[in-house]
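In case you want the letters, here they are:
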Amino acid sequence: MKNKTFILRKAFGDMAQAEGRLEKINKYALVPLAEEQVYARRYLMAHNAIDRDVERFNEDLLEDFARTLPGKGFFVEGHPSSWNGKGGPGEGRFYNAYTEMMTPEAFREFTGEEAKLPDNVTSVKVLWGESYILRLESNSDTIAKIDAGIYSFTSIGFKAPYVEITEDRGNFLYGEYTSKGEALEGSLVWLGAQPGAMAKEHSHTHEEPQKGGKDTMKEFLEKLKKVFGKTFSEEGAVEEIKQMLDEKD
């Protein structure tokens, strides 16, 4: 098993309040969990730039990680078993993962770091992982330290082929992990191998809804109805609008 580290990044309030989050979490729980029982957060786990180990993940491998990270353990005291001699399950679990494309400029603004991309790559592809732990008294210190930015760096444990070496006139440039691979776990660690910045924002899973200045979903759907002359469902509004526009085209 290998690992790559990155820094815990922003966790937006809208992500913490995202529709269906608790449903995703409860797919892994053996008894239904309420929103106030869980502390969920979003982490930037990896990207396709060249890191401090002079290695990179290719874009297809990041998709493999996004597919296989949900359901895997989230550890708060470093990597399990083979890395620090500690066995046992993690303190939390990943319930969602996905990739996102950024320009190098957006990545620099977002993380405070330059993305060192290969010459033939123009966009930064990042892997987001969303995990949860329980709001237990025994986890209160961990939650407080994450919120304070003290527990900040994260690392992904994985397995993947390491078959591509890029050279320039005999000079080693970087090694590349390629698809097919699997994400095995994610951990809080002492330092990340992949450059990034400390978290600047945080959000809990249980927050008071914001008031004023924002439409509720029902109000929004009513506005869509007036604009398009059609009723949209709360769950499928986006797909229904897309299908309608495709049909008009």
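To be clear, the structure that these remarks concern was listed above.
Residues numbered from 1 in each chain as written. Predicted model: local features only at pLDDT ≥ 70, side-chain atom pairs only at ≥ 80, totals over all residues. Heavy atoms only, no water.

1. Observations concerning the overall build of the chain
Next, step 1: For the chain, the helix and strand inventory stands at 7 helices and 10 strands.
Next, step 2: Carbon and sulfur atoms make up 51% of the accessible area of the chain, which totals about 13,900 Å². (Helix = DSSP H or I, 4+ residues; strand = E, 2+ residues; numbered from the N terminus. Areas by Shrake-Rupley, 256 points an atom, 1.4 Å probe, with all protein chains shown as cover.)

2. Focus: the pattern of salt bridges
Next, step 1: Applying the stated rule across the entire model yields 10 salt bridges.
Next, step 2: For E35, the salt bridge goes to R21, with nearest N and O atoms at 3.2 Å. Highlighted residues: E35 in the loop between α2 (21-26) and β2 (38-47) and R21 in helix α2, separated in sequence by 14 residues.
Next, step 3: You can call E35 partly exposed: its relative accessible area is 23%.
Next, step 4: A salt bridge links R41 to D147, with the shortest nitrogen-to-oxygen separation between them at 2.7 Å. Of this pair, R41 sits in strand β2 while D147 sits in helix α5 (residues 140-147), placing them 106 residues apart in sequence.
Next, step 5: Overall, the relative accessible area of 2% leaves R41 in the buried class.
Next, step 6: Classification of D147 as partly exposed rests on a relative accessible area of 23%.
Next, step 7: Members of the salt-bridge network, linked through shared partners, are R56, E59 and E176. (Salt bridge = Lys/Arg side-chain N within 4 Å of Asp/Glu carboxyl O. Buried < 20%, exposed > 50% of the residue type's maximum accessible area, 1.4 Å probe, protein only.)

3. A look at the pairing of strand β6 (residues 124-134)
Next, step 1: Among the 11 residues that make up β6, 10 are buried, leaving the element largely enclosed by the rest of the structure.
Next, step 2: Relative to β6, β2 runs antiparallel, the two sharing 9 bridges. Counterpart to A46 in the pairing with β6 is L127.
Next, step 3: Of the pairings in the sheet, the one linking strand β5 (residues 92-102) to β6 comprises 10 bridges and is antiparallel in character. What sits directly across from N96, in β6, is E130. (Pairing = 2+ DSSP bridges.)

4. What about the packing of aromatic side chains?
By convention here, two paired aromatic rings are described through the distance between centres and the angle between planes.
Next, step 1: All chains considered together, the criterion is met by 10 aromatic pairs.
Next, step 2: Residues F57 and F158 carry aromatic rings whose centres are separated by 5.1 Å and whose planes lie at 90 degrees to one another, so their mutual orientation is edge-to-face. In this pair, F57 sits in strand β3 (residues 55-57) while F158 sits in strand β7 (residues 153-159), placing the two residues 101 residues apart along the sequence.
Next, step 3: Exposure remark for F158: the relative accessible area of 0% places this residue in the buried category.
Next, step 4: Seen in terms of ring centroids, F57 and Y177 are 5.9 Å apart; in terms of plane orientation they differ by 45 degrees. Their pairing is tilted. Of this pair, F57 sits in strand β3 while Y177 is found in strand β9 (residues 171-177), placing the two residues 120 residues apart along the sequence. The burial state of F57 is the same as that of Y177; both residues are buried.
Next, step 5: Through pairs of rings, three or more aromatic residues link up here, namely F57, F65, F158, Y162 and Y177. (Phe/Tyr/Trp six-rings, centres within 6.5 Å; stacked < 30°, edge-to-face > 60°.)

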